[in-house]
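# Per-entry structural report
The lines below spell out each chain.
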Amino acid sequence: MKYVEEYRDPAKVEQLTRKIASLVTRDWTIMEVCGGQTHSIIKYGLDELLPPRIHLLHGPGCPVCVTPSEILDKAVFIAAEPNVIFCSFGDMLRVPGTVDDLLTAKSRGADVRIVYSPLDAVKIARANPEKQVVFLAVGFETTAPANALAVHQAASWELENFSVLVSHVLVPPAIEAILSAPGCRVQGFLAAGHVCSVMGFHEYEPIVEKFKVPIVVTGFEPLDILQGVFMCVRQLEEGRSEVENQYARSVKREGNRPAQELIRKVFQVVPRKWRGIGEIPASGLGLRDEYRKFDAETRFVVPEVNASTGSECISGLILQGFKKPPDCPAFAVGCTPEHPLGATMVSTEGACAAYYRYRSRKQ
Amino acid sequence: MSPDSKDERSMQISCPLPVTQYSNVLVAHGGGGRLMHDLLRKVFFPAFANELLGQGHDATVFGVADAARLAFTTDSFVVRPLFFPGGDIGRLAVYGTVNDLAMAGARPLYLSAGFILEEGLAIDSLWRIVQSMASAATQAGVQIITGDTKVVDRGKGDGVFINTSGVGVVEHQLQIGPRSVREGDVILTNGDIGRHGISILAVREGLEFETTIESDLMPLARQVLALLEAGIEVHCLRDMTRGGMASALNEIADGAGVAVTVEEGLIPCRDDVRAACEILGFDPLHVANEGRFLAFVPASHADLALSTLSRVTTECTPAIIGRVTGSGEAGVVLKSILGPNRVLDMLSGEQLPRIC
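This section reports on the structure supplied with the text. (Residues numbered from 1 in each chain as written. Chains lettered and ligands numbered in written order. Predicted model: local features only at pLDDT ≥ 70, side-chain atom pairs only at ≥ 80, totals over all residues. Heavy atoms only, no water.)

## Things to note about the pattern of salt bridges
Note the cut-off: Any carboxyl oxygen of Asp or Glu within 4 Å of a side-chain nitrogen of Lys or Arg constitutes a salt bridge here. A run of DSSP states H or I qualifies as a helix once it reaches four residues; a run of E qualifies as a strand once it reaches two. Both are numbered from the N-terminal end. To sort residues, take the accessible area from a 1.4 Å probe on protein chains only and compare it with the maximum for the residue type: under 20% means buried, over 50% means exposed, and anything in between is partly exposed.
Applying the stated criterion across every chain yields a total of 35 salt bridges over all chains. For the salt bridge of A:Lys273 with A:Glu70, the shortest nitrogen-to-oxygen distance reads 2.7 Å. Here A:Glu70 lies in helix H5 (residues 69-79) and A:Lys273 lies in strand S10 (residues 267-274), a separation of 203 residues in the sequence. The buried category is assigned to A:Lys273, whose relative accessible area is 13%. The salt bridge involving B:Asp192 is made with B:Arg195; its shortest N-O contact spans 2.8 Å. Grouping residues by exposure puts B:Asp192 and B:Arg195 together as buried. Linked through salt bridges whose partners overlap, the residues forming this network are A:Glu238, A:Arg240, A:Glu242 and A:Glu244.

Next up, the structure:
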């Protein structure tokens, strides 16, 4: 399979891991930001191929994991309203709110549909003028352009029956929050390649300047990740801290300008609550006033929910790189993908789910 | 929901209360993964418990007085769309049951066919489905000897649901099933995985790929009987339907109480299927097949099994994919193409397309 197999070539992987090993003179702790990268690392066992002095921590970049339970409670509430078609990306359906997930709402009769693109939800709205169609607009900068386009299209078609429940989050403020937390152990970052293909990487330059940590824009295939680690370790060993671009086949410094313009046209930067972490100022996107009529939270009267917390789950500490999944007493005991206690167990990109799926639970 | 619960920590480390039990049936309860197995283990098996059901196999083998041993199985088919590239619900209903009989090493003989039709179904569609069943039965060497038809109100069905039950005769003395699996057994697949699931999904969700991926639907009895006729001491067979290869391997490992290791690099999967899985965030090992099975045979019979399968199968290429590496601790390990081992688990619920 072209453009995939080249990046999974066992001989090249071995070459690169040897190069990394010859570079390392001391312990380094690196965080991969994105859940897709975590998934690749655990699936292919990349952490086992790296020298033992390289410690990988799993970051908060799983959009499913960090969407707060209040949003899911609102989603379940809206989905159960009469005359509503509730549309979502597939993997949000199993994420529990305070009580229920959307799959349970569906089994009780709510019209919950999986879409592959938010534009499909707009099409459904157009085809069902008698129904209210709501799309759960979550994710990082990666999904923001398509979600913005959906709202923009609904506006230009003057659709009265389309709205979005928004919980968009941004990567750079999360990296800053992690670096600012007392006791932060992260010495370098692998930034998420697809986020940067939209936003570019100039946003990371002030962070590198302020915190003196290297950030390497990195892809998702095994060789991408290992090369990202190599570039990050090389900077650390040489005492440099710069933004470097491993994922040059997709990412330019300035990113995708038209996509950014679309995001800015529809969304504005707002404070957001992150599941497991709490509120981070200026860390999310919300609809601009001009598009407020497409906000599902104004279209529906949704009760405010104060989500209660589970005591055992340590997903917040995992998302910030303080703990790893097997450190949790509930891991694989009270908490499994069938009955997750925390969102990191739900999404296939969540660190706990990746460990559960791919690692022996008997360790 | 608990709007009155006050938690002073809600702005710090927050996490949801567990959804400990589902109080309604979810689609995932039929998905072939862990939820479905929970349902079988907790609801059906305890209620109907008997020794024959306890075989835990695709078809149950039983004796009738001094006569030959028979195999009996049943399956229901609720596929949407009714017609898909490489097959339709009728062909699926015949082959699905024939294949379950084949997995007990039986020669399929007779089927029943029960139809639940939804008011409004086009007679032309029904006719095409029935014609397809007739041709599939001929191809699989079985006769449909009894049946039933019911019609439900519009909206109470999905066009047509079909149930088929099947009887076959067991002409060998082997005990084919998880309990016969031994340490050292070699595991074969009769062909590449994932085509059926991706083919159905592509039509259902209106996904367009550069090529049309056709279902791998085919009758398997001929391949299985060829193995038996070649004198291969078949220990276990399992078709890799819902839940895919991963579920089949886990079911056998659990049932046999053995550790199984398969090599990712040896598992055949077509490029177009793998590409579709990459796009959707699926693992081909979890994708459904309808004409693929696993065979567990003693290591000394592995080469003969491979050459026999290659001789009788023209549509796909059989392969040796792994072996039974130990007894005592049940589980499936996948050796990744890059070297490290990982657990290969059963799918949890449904495969859900990823957000990004």
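Further notes follow.
## Brief notes about helix H1 (residues 10-23) of chain A
Residues and elements named next belong to chain A. The line we're drawing: In this scheme, a helix's expected span is set at 1.5 Å multiplied by one less than its residue total. To obtain the arc, one takes the directions from the helix axis to the C-beta atoms. In what follows, residue pairs with any heavy atoms lying within 4.5 Å of each other are defined as contacts. Contacts described as polar in this section are N or O atom pairs within 3.5 Å, which, within protein, must combine one atom able to donate a hydrogen with one able to accept it, while residues neighboring in sequence count only if both atoms come from side chains.
If you check H1, its first and last C-alpha atoms are 20 Å apart, about what 14 residues at 1.5 Å a residue would give, namely 20 Å. Along H1, the residues classified as buried are Val 13, Leu 16, Thr 17 and Ile 20. Buried residues along H1 cover an arc of 100° about the axis, so they all sit on one side. Turned more than 90 degrees off the buried face of H1, the exposed positions are Gln 15, Arg 18 and Ser 22. At its buried positions, H1 is contacted by helix H3 (46-49), strand S2 (54-61) and helix H12 (222-238). Sitting at the head of H1, Asp 9 places a side-chain oxygen 3.0 Å from the backbone nitrogen of Ala 11.

## What about the sheet that holds S2(A)?
Residue and element names in this part refer to chain A. Selection criterion: A pair of strands is labelled paired if DSSP reports no fewer than 2 bridges between them. The axes used here are C-alpha line fits, helices contributing only the stretch in contact, and every angle between their N-to-C directions lies in the interval 0 to 180 degrees.
Strand order in the open sheet formed by five strands is S2-S1-S7-S8-S9, and the pairing between neighbours is parallel. The strands lining the two open edges of the sheet, one partner per strand, are S2 and strand S9 (243-245). Within the sheet, the average angular offset between the axes of one strand and its neighbour, ignoring direction, is 25°. By the bridge criterion, three bridges tie strand S8 (residues 215-218) to S9 in an arrangement that is parallel. The partner of Val 216 across the bridge, within S9, is Glu 244. Together, strand S1 (28-34), S2, strand S7 (188-192) and S8 form the strand contacts of helix H2 (residues 35-44), whose direction differs from that of S1 by roughly 120°.

## Digging into the nonpolar core
A general trend in soluble globular proteins is that nonpolar side chains are found buried together. Test applied: Nonpolar cores were defined as sets of buried Ala, Val, Leu, Ile, Met, Phe, Trp, Tyr and Cys residues, with membership established by side-chain atoms within 4.5 Å.
Residues A:Ile78, A:Phe86, A:Leu102, A:Leu136, A:Leu165, A:Phe189 and A:Tyr204 are the most contacted members of the largest nonpolar core, which totals 65 residues. With six residues, the top contributor of residues to this core is H5(A). B:Ala140, B:Ile162, B:Val186 and B:Leu217 belong to the second largest nonpolar core, which has 48 residues in total.

## Points about the packing of aromatic side chains
In this description, an aromatic ring pair is defined by two values, namely the gap between the centres and the angle between the planes. How we decide: For Phe, Tyr and Trp, rings pair up if their centres lie within 6.5 Å, where Trp contributes its six-membered ring, and each pair is then called stacked (planes under 30 degrees apart), edge-to-face (over 60) or tilted (otherwise). Put simply, a charge is over a ring when the Lys NZ or the Arg CZ is close to the ring centre, within 6 Å, and near the line of the ring normal, within 35 degrees.
Scanning the model with the defined rule gives five aromatic pairs over all chains in all. Centroid distance A:Phe89 to A:Phe135: 5.4 Å. Interplanar angle 85°. Geometry classified as edge-to-face. Note that A:Phe89 is positioned in the loop between strand S3 (84-88) and helix H6 (102-107) and A:Phe135 in strand S5 (residues 132-139), a separation of 46 residues in sequence. Of the two residues, A:Phe89 and A:Phe135, neither departs from the other in class, the shared state being buried. Taking NZ or CZ as reference, A:Arg126 lies 3.6 Å from the ring centre of A:Trp157, over its face. In this structure, B:Arg128 is placed above the aromatic ring of B:Phe83, and the distance from its NZ or CZ to the ring centre is 3.9 Å.

## Here we look at the pairing of S10(A)
Residue and element names in this part refer to chain A. One ladder, built from seven bridges, connects S10 with strand S11 (residues 278-287); its direction is antiparallel. Within S11, the position partnered with Trp 274 by the bridge is Gly 278. Joining the antiparallel neighbours S10 and S11 is a turn of three residues, in which Gly 276 adopts a positive phi near 90°.

## Regarding the environment of A:Ala282
Residue and element names in this part refer to chain A. In this structure, Ala 282 sits in strand S11. Among the residues examined, Ala 282 registers a relative accessible area of 44% and is labelled partly exposed. Sequence-wise, Ala 282 and Val 269 are 13 residues apart; in three dimensions their C-alpha atoms are separated by 5.7 Å. Apart from residues no more than four positions distant in its own chain, Ala 282 is found in contact with Leu 170, Pro 173, Val 269, Val 270 and Pro 271.

## Side note on the side chain of A:Thr336
Structurally, A:Thr336 can be placed in the loop between helix H15 (315-319) and helix H16 (351-358). Other than its neighbours up to four places away in sequence, A:Thr336 contacts A:Met345 and A:Tyr356.

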